[in-house]
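Structural description and commentary
Here's the letter readout for the chains.
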Amino acid sequence: MPSFSVEWIPVAQSLLRLAGLEAAAANALVLIELALRLFGAGAHRLAVLAVRNPLAATAAVGGLLWRCYHRGYLARW
């Protein structure tokens, strides 16, 4: 009757744990890449829009800064 060794169980557990960590890291990198692409596309569109309509862009940024100032976001420490 052959004797079965259970020494492989901790090795298998550690390999599965490492595979799970690698998969989680890969998923996080894919999500970060997608978010950066979407942010970059949005920023590019805003820049193109601002170049085409400089007066509207100046008014929008001025209004945003005014609102931030009155809400206290631009106050000094």
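The structure reproduced in this document is the subject of the present report. Just so we're clear, the structure is a prediction, and the values are computed from it rather than from any experiment. (Residues numbered from 1 in each chain as written. Predicted model: local features only at pLDDT ≥ 70, side-chain atom pairs only at ≥ 80, totals over all residues. Heavy atoms only, no water.)

Glancing now at the pattern of salt bridges. As enumerated under the stated definition, the model contains one salt bridge in all. With its nearest N and O atoms 3.1 Å apart, the salt bridge here joins E33 to R37. Of this pair, E33 and R37 both sit in helix α1 (residues 8-52), four residues apart, which is roughly one turn of the helix. For E33, a relative accessible area of 42% corresponds to the partly exposed category. (Salt bridge = Lys/Arg side-chain N within 4 Å of Asp/Glu carboxyl O. Helix = DSSP H or I, 4+ residues; strand = E, 2+ residues; numbered from the N terminus. Buried < 20%, exposed > 50% of the residue type's maximum accessible area, 1.4 Å probe, protein only.)

With 18 residues, helix α2 (residues 54-71) ought to run about 26 Å at 1.5 Å a step, and its terminal C-alpha atoms sit 26 Å apart, in line with that. By the criterion of burial, α2 is predominantly exposed, with just zero of the 18 residues buried. A positive phi of about 90° marks G72, the residue just after α2. (Expected span 1.5 Å × (residues − 1).)

By the secondary structure assignment, V51 is in helix α1. Classification of V51 by relative accessible area gives exposed; the value is 68%. Note: C-alpha distance between V51 and Y73 (22 residues apart in sequence) is 27 Å.

Inspection of the secondary structure assignment puts H44 in helix α1. A relative accessible area of 53% places H44 in the exposed class. Along the chain, H44 and L55 lie 11 residues apart, while their C-alpha atoms are 18 Å from each other.

Turning our eyes to something else, we now look at a nonpolar patch on the surface. Taken together, the side chains of V61, L65, Y69, Y73 and L74 make up a nonpolar region of the molecular surface, amounting to roughly 570 Å² of accessible area. Among the residues examined, Y73 registers a relative accessible area of 59% and is labelled exposed. (Patch = residues over 30% accessible without salt bridge, like charges linked within 9 Å, V, L, I, M, F, W, Y side chains within 5 Å. Areas by Shrake-Rupley, 256 points an atom, 1.4 Å probe, with all protein chains shown as cover.)

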